[in-house]
Amino acid sequence: MLRPADAVSHRGDPRVFAHSRLQRLAGGVTDPRTRVTLSPLWGGSRALPGSAVKLHMKEAAAAGQLLERSEELARIESALAEVRSGRGTVVVIEGPAGIGKTALLTAARTAAVNGGMRVLRSRGADLERDFAFGVVRQLFEPPLAEASELERADLLQASAGVAAGLLGLPGGTRVEGAPSSGVDSSFAILHGLYWLCANLAADGPLCLVVDDAHWADPASLRYLAFLLTRLEELDAALIVATRPPDAGTDAELLATVTTDASADVIRLRPLTRAAVAQLVESRLGGGPDAVFVDACLRATRGAPFLIRMLVEALSEGGITPTAEAARHVERFGARSVGRSVNLRLRRLPEHAGRLARALAVLEQGDLVQTARLAGLDAAEAAEAAELLVAAGILEAGRPMTFIHPMVRGGIYSELTAAERAQGHSHAARLLAEQPAMGERVAKHLLATEPAGDSWVVERLAETACAVGKRGAPEAEAVFLRRALAEPPLPAERAALLLDLGMAEASVGHADWPEHLQSAVDTAPNAAAAAEAALVLAHALSSAHRFGKAVEVLDRAAGALDAGDSELALALEAAAVVAEMSDPFPPPSAALRGATLRNRAANQPGAPPELLAAAAFVSVLTNEPAEVGAELASRALAAGDNAPAGSAGRPWFPFSAWFSQSMFALLWAERYAQVRPLLDGSIALARATGDSIRLAGGLAGRGWLALRSGDLGAAEADARTALAATELPAPAMYRVMNAGLLIKTQVLQGELDAAERTLAPLECEAEGGSLIAAIPRFARGRLRIAQRRVAEGLEDFLAVGVVLTRAFVTCPGALPWRSEAALADLALGDREAAGRLADEELALARAFGAPRALGVAKRAAGVVAGGDRGESLLREAVDDLERGGARLERARALADLGALLRRLNRRTEARALLREALDTAHRSGAGPLAEYARTELRATGARPRRVLLTGLESLTASERRVAEFASEGLTNREIAQTLFITARTVEGHLTSVFRKLRLDSRDQLAAQLAANVTVPV
Ligand SMILES: Nc1ncnc2c1ncn2[C@@H]1O[C@H](COP(=O)(O)OP(=O)(O)OP(=O)(O)O)[C@@H](O)[C@H]1O
Ligand SMILES: [Mg+2]
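Residues numbered from 1 in each chain as written. Chains lettered and ligands numbered in written order. Predicted model: local features only at pLDDT ≥ 70, side-chain atom pairs only at ≥ 80, totals over all residues. Heavy atoms only, no water.

*Asks:* Let's hear about the sheet that holds strand β4 (residues 118–123): which residues, and what values?
*Replies:* Ordered by their spatial adjacency, five strands build an open sheet running β4-β5-β6-β3-β7, and the pairing between neighbours is parallel. With one partner strand each, in any of the chains shown, β4 and β7 (263–267) form the two edges of the open sheet. Adjacent strand axes in the sheet meet at a mean angle of 15°, parallel and antiparallel pairs treated alike. Two strands pair when backbone bridges link them, and strand β3 (residues 89–94) and strand β6 (residues 236–242) are joined in this way by six bridges, in the parallel orientation. Its bridge partner being in β6, V91 is matched across the sheet by I239. (Pairing = 2+ DSSP bridges. Helix = DSSP H or I, 4+ residues; strand = E, 2+ residues; numbered from the N terminus. Axes fitted to C-alpha atoms, helices over the stretch in contact; angles between N-to-C directions.)

*Asks:* So, the confidence of the model for the chain: which residues are in play, and what are the values?
*Replies:* Summarising the model, the chain shows a mean pLDDT of 83, and 87% of its residues fall at 70 or more. Helix α43 (residues 850–864) holds the highest mean pLDDT among the elements of the chain, 98, whereas strand β1 (residues 36–37) holds the lowest, 24. Low pLDDT, under 50, characterises residues 641–651; the stretch is placed with 22 contacts to residues that sit more than four places away or in other chains. The low-confidence segment residues 1011–1016, where pLDDT is below 50, has 12 contacts with residues more than four positions distant or belonging to other chains. (pLDDT = per-residue confidence, 0-100. Contact = heavy atoms within 4.5 Å.)

*Asks:* Lay out empty space enclosed by the protein in plain terms, naming residues and giving numbers.
*Replies:* All told, the structure shown has five cavities of 30 Å³ or more when counted by the stated rule. Estimated volume of the largest cavity: approximately 280 Å³. Forming the walls of the largest cavity are 21 residues, and the residues nearest its centre are L706, R781, R851, E888 and R891. Secondary structure elements with two or more residues in the lining of the largest cavity: α34 (691–707), α36 (731–748), α39 (773–785), α41 (816–826), α43 and α45 (886–902). Of the residues forming the lining of the largest cavity, the biggest block, four residues, is contributed by α43. Class assignment for the residues of the lining of the largest cavity results in 12 nonpolar, one polar and eight charged. (1 Å grid on protein atoms, 1.4 Å probe; cavity = no way out; pocket = protein on both sides within 12 Å on 5 of 7 lines; lining within 4 Å. Points joined across faces, edges and corners; volume = space filled by probe spheres on them. Nonpolar A, V, L, I, M, F, W, Y, C, P; charged D, E, K, R; others polar.)

*Asks:* Break down unusual backbone geometry for me, citing the residues and quoting the values.
*Replies:* In this structure, P399 follows R398 across a cis peptide bond, with omega equal to -5°. Structurally, P399 can be placed in the loop between α18 (378–390) and α19 (405–413). Look at the link from E486 to P487: it is a cis peptide, with omega at -10°. When you line up the elements, P487 lands in the loop between α23 (473–485) and α24 (490–507). A positive phi angle, close to 55°, is found at A436, a residue other than glycine. Looking at the element boundaries, A436 is found in the loop between α20 (417–432) and α21 (438–445). Of the residues examined, A436 reaches a relative accessible area of 82% and is grouped as exposed. Here H544, not a glycine, exhibits a phi torsion of approximately 65°, which is positive. With respect to the helices and strands, the residue H544 is situated in the loop between α26 (526–542) and α27 (546–559). Overall, the relative accessible area of 32% leaves H544 in the partly exposed class. (Buried < 20%, exposed > 50% of the residue type's maximum accessible area, 1.4 Å probe, protein only.)

*Asks:* Please give an account of the pairing of β3 that cites residues and values.
*Replies:* The buried fraction of β3 amounts to six of the six residues, a majority that puts the element mostly inside the structure. Neither face of β3 is left uncovered, since the one carrying T89, V91 and I93 and the one carrying V90, V92 and E94 both have all their residues buried. Examined bridge by bridge, β3 and β7 share five bridges and lie parallel to one another. Bridge pairing links V91 to D264 in β7.

*Asks:* A description of the packing of aromatic side chains should follow, citing residues and the corresponding values.
*Replies:* The tally for this structure, following the rule as stated, stands at seven aromatic pairs. Aromatic side chains F616 and W667 sit 5.7 Å apart centroid to centroid with 50° between the ring planes, which places their arrangement in the tilted category. Taken together, the residues span a long stretch of sequence, with F616 in helix α30 (residues 608–620) and W667 in helix α32 (residues 650–667) at a distance of 51 residues. Note on accessibility: F616 and W667 belong to one class, buried. (Phe/Tyr/Trp six-rings, centres within 6.5 Å; stacked < 30°, edge-to-face > 60°.)

*Asks:* Break down the pattern of salt bridges for me, citing the residues and quoting the values.
*Replies:* Where charged atoms from two side chains of opposite charge come close, those side chains can pair. Under the definition given, this model contains 59 salt bridges. With its nearest N and O atoms 3.4 Å apart, the salt bridge here joins R874 to E908. Placement of R874 in helix α44 (residues 866–882) and of E908 in helix α46 (residues 906–923) is noted, with a sequence separation of 34 residues between them. Overall, E908 belongs to the partly exposed group, its relative accessible area being 37%. Between K995 and E958 there is a salt bridge, with its nearest N and O atoms 2.8 Å apart. Note that K995 is positioned in helix α50 (residues 982–996) and E958 in helix α48 (residues 956–966), a separation of 37 residues in sequence. Salt bridges sharing partners connect three or more residues here, namely E755, E762, E766, R776, R779, R783, R788, E791 and D795. (Salt bridge = Lys/Arg side-chain N within 4 Å of Asp/Glu carboxyl O.)

*Asks:* Describe in detail helix α11 (residues 273–284), supporting the description with residues and values.
*Replies:* Helical geometry: 3.6 residues make up each α-helical turn, so side chains three or four residues apart lie on a common side. Here α11 is 12 residues long and its end C-alpha atoms lie 16 Å apart, about the 16 Å a rise of 1.5 Å per residue gives. Taken together, the buried positions of α11 are A275, V276, A277, L279, V280, S282, R283 and L284. Note on α11: the residue one or two positions beyond its end, G285, has a positive phi of about 100°. (Expected span 1.5 Å × (residues − 1).)

*Asks:* Report on the side chain of D260, specifying residues and quantitative values.
*Replies:* You can see D260 is positioned in the loop between α10 (251–258) and β7. Buried charge without a partner: D260 forms no salt bridge, and the closest opposite charge is R230, 9.2 Å away. (Lys, Arg positive; Asp, Glu negative; His and termini not counted.)

*Asks:* An account of the nonpolar core is needed here, citing residue identities and associated values.
*Replies:* Core analysis: the biggest nonpolar cluster contains 157 residues, and F140, L193 and I393 have the highest contact counts within it. Per-element tally for this core: the top contributor is helix α8 (residues 186–202), with 11 residues. Counting 112 residues, the second-largest nonpolar core is a separate cluster that includes A625, L740, L770 and V789. (Core = buried A, V, L, I, M, F, W, Y, C linked by side-chain atoms within 4.5 Å.)

*Asks:* Please provide a residue-by-residue account of the site of ligand 1, values included.
*Replies:* Lining the immediate environment of ligand 1, one finds 20 residues, of which K101, T102, R243, R308 and H404 sit closest. R243 places a side-chain nitrogen or oxygen 2.7 Å from an oxygen atom of ligand 1. In isolation ligand 1 has 630 Å² of accessible area, and contact with the protein removes 95% of it. Elements supplying a minimum of two residues to the shell around ligand 1: α4 (101–114) and α13 (304–316). (Near = heavy atom within 4 Å. Polar contact = N/O pair within 3.5 Å; in protein donor to acceptor, adjacent residues only side chain to side chain. Areas by Shrake-Rupley, 256 points an atom, 1.4 Å probe, with all protein chains shown as cover.)

*Asks:* Tell me about helix α17 (residues 367–374), residues and numbers included.
*Replies:* Across the eight residues of α17, six count as buried, placing the element largely inside the fold. Of the residues making up α17, those classed as buried are L367, Q369, T370, A371, L373 and A374. Looking at the buried residues of α17, the elements they touch are α16 (350–362), α18 and α20. Where α17 starts, the residue carrying a side-chain oxygen 3.2 Å from the main-chain nitrogen of V368 turns out to be D366. Directly beyond the C-terminal end of α17, a positive phi value near 70° is found at G375.

What follows is the structure in structure tokens.
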């Protein structure tokens, strides 16, 4: 029985209306072959015109009536249920094109909504792969736009606000004081967006749905990877659909998301014969022959999309599903999707085809834009759009989108290369007329033919700079590469190459050496070449290619005019530091360093690069600590007035002289001077989202905290910095901060955790450069704590070899001699122990900083024993007191106590050991406390049991969290500051409340202020 189209239950549905209109326009009567009887699967047997069937199928699929996906849906539902019971989950749906990922996602969304979850969704798009954070922006824009001002303020607290500001999301904090270009804001954005997600999830369970992740931009993928490892703590599900990773924009990044151990990966299987039969029947009528169904299965390999296209084509071709007709299947099936879609287009009036092709170029667009690109007027375009909707090519509604990416792909692939390039070129110019379209314009320009057009170069360079600032160096590099291919005017080339090389270096792309070298070679003059050489050398040093860095710097210096003395000095300073860092520096390096250092000392108005390098050399070669400290102070003073640096790249000019000065001051023990500088630098890094500055600042501050015995603070800083350097950042910072964390963990007695921190660094630790000495030294400490003394000794001696080769003699940096001396002593080699301890003592006396002296004297005292040992240990305690080294002092006290105990001076010993125990306990230094306690017992005293309640029972981390809470910070704020999850903060506070017997935060401040002394 036939019915007119508008008589079916879709009365009033614009799509059905459009269909009938199409028929009128096409001037035809409905072809009886396009009518089918629907199987019950599609909602009852009713005759519908062909395209209405398609729409109905879509709706049915959307309503969850998917064939052969019940197991998959159950897995998704259980993941969602887990979120609602408080544990975040990740589901990855993976499969080839057209296998039914989007359809399953639709069902998942429905399930989430029905379960009371808030759903945020986004989708990667082929043409938007270079749209930095595009996918992430789609996720978070709507909830921010919908929120009231009050809610928005709540969602955008602290770092979330900074990230929103950097991405231009609604309500974001405007970032003040950001340098004009090139801030590496990746970390601020990732960290902030994590908190935005956490804040959203705090309001109720959340379901993030990302479709077509294979087209997601790398920046968004990096965010998803970042979120993934922290998701468990949030009431949020992340469901990602993707084609296999090798189809992706960035296969490696995509794989880190899809292969994460926490993800439940659903690999979609093709439909079976039974389902194919059902689909054939629903379109071609009852009782399809088995031979016919088999042919359909073979032709489509069971991919639902292809089955749909095939039965569509078969239906349009008037084929009935009989055994004899099976041979037609192959003929139809062999047609690519593109051909079959294009065939359908050709049946429509010409202007519909034009609009479709224009939209395939734009991928998504409003009617006006697309019409202009297609060369149609508004009325024609509107009508064409309706025809396309009716033909099942476009979705109904605005903005216009294709019904499936493969439909767009099909139309696009049928365009000739020239048509495509021209289309994109027109699209770019069209979009450029509108404000704030920079990235879309640039994205189209990527697909155009190079034509030496400076307008194109300008747009691309502009966009590169903007996305670079937003922490998307991969996208920045893509735009710059295309700009260079245009090509630019010769005068602009070097600057573009420099930016490209820097962007590539910051993500570890293999081409950076070549591009930075070309930037040096094509620089318009020697001064510009020197600036570029500084950048190249810095990147080479970061990659541990020190010899090559020195070569580059020396060559650039040789080309400079005599007048350019400031640049020459900066080059020389960089060369000296690079040479010192080299595992095998040339013998001339020592003299070169000394010469530089003398020049700095004698030259009034020397630039900061020179002074900082000189301070570095001075301290490490063990000149008196005041000399190095003075040079570093001069560097910082000079730096205040210096320009931002060659390209305004914070990671380049900042890390060199600022961190050299910082470390010189730290080694020289100018703590009071350095602390506010580090705090200021960290605050600036946080505000501007500069992850490299943040990692450097935290490395320094954490080290300072460790030295003053504040293990909780050291651990927090090291962890924050490590989280920041998960992202592309010079390995140096990861190594430094991991070294710091290992030392802290060893002092806390968390040896297994230390071993885990060490694991990814083992290889680097054996590397032989100055930086590699840091984890090697930390590993030595770990081995000693594990009672693997011989291995520990080997590590300390290896550190000694590295430092000696680099002419580093200062005992304040890494006191390997005293550690090795104690290890030798434990192994029974008194002679070696004595020699090493005395050597360090002599060096420490020359250096003169109190902590270094105290550390050396303690080791020498322990090795010497007897009267000399006693007096050395007493001096050590005083020196360490002066040096503000709380834990080191406690260790010296314990050693002195142990010595006196063995000399049978028990009363004296007890007092010392009790003080040592007290300090160690307060600092959370478990093993040292245990040592003091054992010694104390040996004196016959009965040490108090560890308190289970009261202020003194708090661990360092609990205390830190409690202090923040007492200052009125919320759990979320504390978590953001310490970069731990809100749940960890909750856990700490619960145990604080239990131990202190409190019921509310208001009582915290009073309790913490009470200066309770520990009865021992
Ligand atoms: N299990 C199923 N049963 C019946 N129809 C299905 C099933 N899965 C998908 N379809 C239909 O097949 C078509 C293609 O599916 P879908 O768009 O989900 O594929 P996809 O895997 O997302 O493809 P792509 O990789 O191109 O994004 C849709 O029209 C959908 O409704
Ligand atoms: Mg899809």
